[in-house]
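The residues making up each chain are set out below.
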Amino acid sequence: MARIVMKFGGTSVANLDRIRAAAAFVRREADAGHSVAVVVSAMAGETNRLVGLCAEAGEPAPALDARDVEYDAVVASGEQVTSGLLALVMQNLGYRARSWQGWQIPLKTDLAHGKARIAEIEGEALGEAIDSGEIAICAGFQGIAPDGRIATLGRGGSDTSAVALAAAVGAERCDIYTDVDGVYTTDPRLTKQARRINKISFEEMLEMASVGAKVLQTRSVELAMRYKVPVRVLSSFDPPDAPGPGTLICDEDDIVEENVVTTVTPDFNEASVTILAVPDEPGRAAGIFDALAAANINIDMIVQSASR
Ligand code: ADP
Ligand code: ASP
Ligand code: MG
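The model shown is predicted, which means the values in this text are computed figures rather than measured ones.

Reading guide: rules and limits
Residues numbered from 1 in each chain as written. Chains lettered and ligands numbered in written order. Predicted model: local features only at pLDDT ≥ 70, side-chain atom pairs only at ≥ 80, totals over all residues. Heavy atoms only, no water. Axes fitted to C-alpha atoms, helices over the stretch in contact; angles between N-to-C directions. Helix = DSSP H or I, 4+ residues; strand = E, 2+ residues; numbered from the N terminus. Left-handed = near helix turned anticlockwise from the far one by under 90°. Contact = heavy atoms within 4.5 Å. Nonpolar A, V, L, I, M, F, W, Y, C, P; charged D, E, K, R; others polar. Core = buried A, V, L, I, M, F, W, Y, C linked by side-chain atoms within 4.5 Å. Buried < 20%, exposed > 50% of the residue type's maximum accessible area, 1.4 Å probe, protein only. Polar contact = N/O pair within 3.5 Å; in protein donor to acceptor, adjacent residues only side chain to side chain. Arc of directions from axis to C-beta. Near = heavy atom within 4 Å. Areas by Shrake-Rupley, 256 points an atom, 1.4 Å probe, with all protein chains shown as cover. Phe/Tyr/Trp six-rings, centres within 6.5 Å; stacked < 30°, edge-to-face > 60°. Lys NZ or Arg CZ within 6 Å of the ring centre and 35° of its normal. Parallel < 35°, antiparallel > 145°, perpendicular 65-115°, else oblique. Salt bridge = Lys/Arg side-chain N within 4 Å of Asp/Glu carboxyl O.

## What about the packing of helix H1 (residues 16-31) against helix H4 (residues 77-92)?
Okay, so step 1: Where H1 meets H4, the axes come as close as 10 Å, and the angle between the chain directions of the two elements is 60°. Classified by chirality, the crossing of H4 by H1 is right-handed. Side by side, H1 and H4 meet where Ile19, Arg20, Ala23, Val26 and Arg27 of the first sit next to Thr82, Leu85, Leu86, Val89 and Met90 of the second.
Okay, so step 2: Its residues assigned to classes, the contact of H1 with H4 comprises seven nonpolar, one polar and two charged.

As structure tokens, this is what we get:
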């Protein structure tokens, strides 16, 4: 039977009822005979709470590096709690299950505390454990840095943990359970007309994520594309015995119907500035952009128009 990785985000493990609902999905895959590794986020709101506590405790701020290392020690704890709770719930249902922290796997990162990148995962022990029938409940978002300290992968990083673990154990697929039933043409919480997409290419999903569609962390899509891990986005709010089809994120070649435009992703962190009556003379535009560059202001898009 196949190895599969399932990931549950914050709203999907927001309280014990939601954790029990997640367990029903895990149970379904285990009963089908699969070797199952699960990646969990912290309970909804918990990481924000921990980040807030760090900010309060850090006044006046100590040296930046030290602050980042202890920030990681604090914020990684949210995932430690949910991994243990889901393991307990699975055990109570009669399954063999245990929690795995990032350092226990080990999921090794670089030294960039607070926004670390994954350097290497030793997936053998985890693979053997799940093949023996034990369900592995892994704390997402965290790993161990070369300084021997806990590191976190940046906000939304549990998606990246899940895809990286799927690649490391050679999983057949990585199922991301969240609070929407797939990837939509635009954020379904903002626009009622948004439609669910059945299949989307890694490239398109990467573009969406990189401009801010937070349904998947950008780095997770990069890894899925590099290691060719098929990723499905599904809702943990569907009935576990009749889940919806979700969205498959896969190779472009596997998509028959191609659209010119697949999705629209809004960005609320942009300002639009119009400069009127710029004389059409050499050096004028350069003068404007030099001044902006000197002030470290990034420009995403330039629209030049002759009309007033
Ligand atoms: P999780 O806690 O499960 O990781 P997130 O809140 O990080 O979930 O991501 C899911 C959210 O992504 C949805 O609730 C939705 O508002 C948002 N989102 C943004 N763009 C899209 C999109 N195109 N399709 C689906 N969801 C989107
Ligand atoms: N708990 C972390 C966050 O809120 C990681 C994640 O949920 O993916 O950013
Ligand atoms: Mg997320």
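## Here's the deal with the nonpolar core
Okay, so step 1: By size, the foremost hydrophobic cluster in this structure holds 43 residues, and its most contacted members are Val5, Cys138, Cys174, Met205 and Ile249.
Okay, so step 2: When sequence neighbours within four positions are dropped, the list of residues in contact with Val5 reads Ala37, Val39, Ala162, Leu165, Ala166, Val169, Ala171, Arg173, Cys174 and Asp175.
Okay, so step 3: Counting 24 residues, the second largest nonpolar core, distinct from the first, contains Met6, Ala23, Phe25 and Val89.

## Considering the side chain of Thr186
Okay, so step 1: Position of Thr186 relative to the elements: it lies in the loop between strand E9 (173-178) and strand E10 (199-201).
Okay, so step 2: One polar contact links the side chain of Thr186 to the main-chain carbonyl oxygen of Val264, over a distance of 2.7 Å.
Okay, so step 3: With sequence-adjacent residues up to four places away left out, Thr186 is seen in contact with Thr191, Ala194, Val264 and Pro266.

## Points about helix H7 (residues 202-210)
Okay, so step 1: When we look at burial in H7, the residues that qualify are Phe202, Met205, Leu206, Met208 and Ala209. Buried residues of H7, seen end-on, are gathered within an arc of 165° and therefore sit on one face of the element.
Okay, so step 2: Where the residues of H7 are buried, they touch E10, helix H8 (218-227) and strand E12 (247-250).
Okay, so step 3: Taken from the residues just after H7, Gly212 is the one with a positive phi, measuring 120°.

## Considering the site of ligand 1
Okay, so step 1: Residues in close proximity to ligand 1 total 17 residues, the closest being Thr178, Asp179, Tyr184, Asp187 and Arg189.
Okay, so step 2: Tyr184 has a polar backbone atom sitting 2.9 Å from a nitrogen atom of ligand 1.
Okay, so step 3: Within the side chain of Asp187, a nitrogen or oxygen atom sits 2.9 Å from an oxygen atom of ligand 1.
Okay, so step 4: In isolation ligand 1 exposes 570 Å². Once the protein is present, 88% of that is buried.
Okay, so step 5: Per-class residue counts for the shell around ligand 1 are seven nonpolar, five polar and five charged.

## Some words on the packing of aromatic side chains
Okay, so step 1: A full pass over the atoms with the stated rule returns three aromatic pairs.
Okay, so step 2: A ring pair is formed by Phe8 and Phe25, whose centres lie 6.5 Å apart and whose planes are at 50°; its orientation type is tilted. Taken together, the residues span a long stretch of sequence, with Phe8 in strand E1 (residues 3-8) and Phe25 in helix H1 at a distance of 17 residues. Phe25 shares its class with Phe8; the two are buried.
Okay, so step 3: Seen from their ring centres, Phe25 and Tyr177 are 4.8 Å apart, and the 50° between their planes marks the pair as tilted. Residue Phe25 is found in helix H1, and its partner Tyr177 is found in strand E9; the two are separated by 152 residues along the sequence.
Okay, so step 4: On the basis of relative accessible area, Phe25 is assigned to the buried category, the value being 2%.
Okay, so step 5: In this structure an aromatic cluster arises from ring pairing among Phe8, Phe25 and Tyr177.
Okay, so step 6: Its end group placed over the ring of Phe237, Arg18 keeps NZ or CZ at 3.7 Å from the ring centre.
Okay, so step 7: Lying over the aromatic face of Trp100, Arg98 brings its terminal NZ or CZ to 3.9 Å of the ring centre.

## Some points on the packing of helix H6 (residues 158-168) against H8
Okay, so step 1: Two elements in contact, H6 and H8, have axes separated by 8 Å at closest approach and are oriented at 15°. When the axes of H6 and H8 are compared, the pair comes out roughly parallel. Of the two possible hands of crossing, H6 and H8 adopt the one that is left-handed. For the pair H6 and H8, contact is made by Asp159, Thr160, Val163, Ala164 and Ala167 and by Arg219, Ser220, Leu223, Ala224 and Tyr227, respectively.

## Observations regarding the pattern of salt bridges
Okay, so step 1: Under the criterion given, the structure shown has 14 salt bridges.
Okay, so step 2: In this structure, Arg20 engages Asp17 in a salt bridge whose closest nitrogen and oxygen atoms are separated by 3.5 Å. Within this pair, Arg20 and its partner Asp17 are both found in helix H1, separated by three residues, close to a single helical turn.
Okay, so step 3: Classification of Arg20 by relative accessible area gives partly exposed; the value is 46%.
Okay, so step 4: In this structure Asp17 comes out as exposed when scored by relative accessible area, which is 56%.
Okay, so step 5: Lys108 is paired through a salt bridge with Glu122; the nearest N and O atoms lie 2.6 Å apart. Placement of Lys108 in strand E4 (residues 107-109) and of Glu122 in the loop between strand E5 (118-121) and helix H5 (124-131) is noted, with a sequence separation of 14 residues between them.
Okay, so step 6: For Glu122, a relative accessible area of 29% corresponds to the partly exposed category.

Nothing here speaks to function; it is all geometry.
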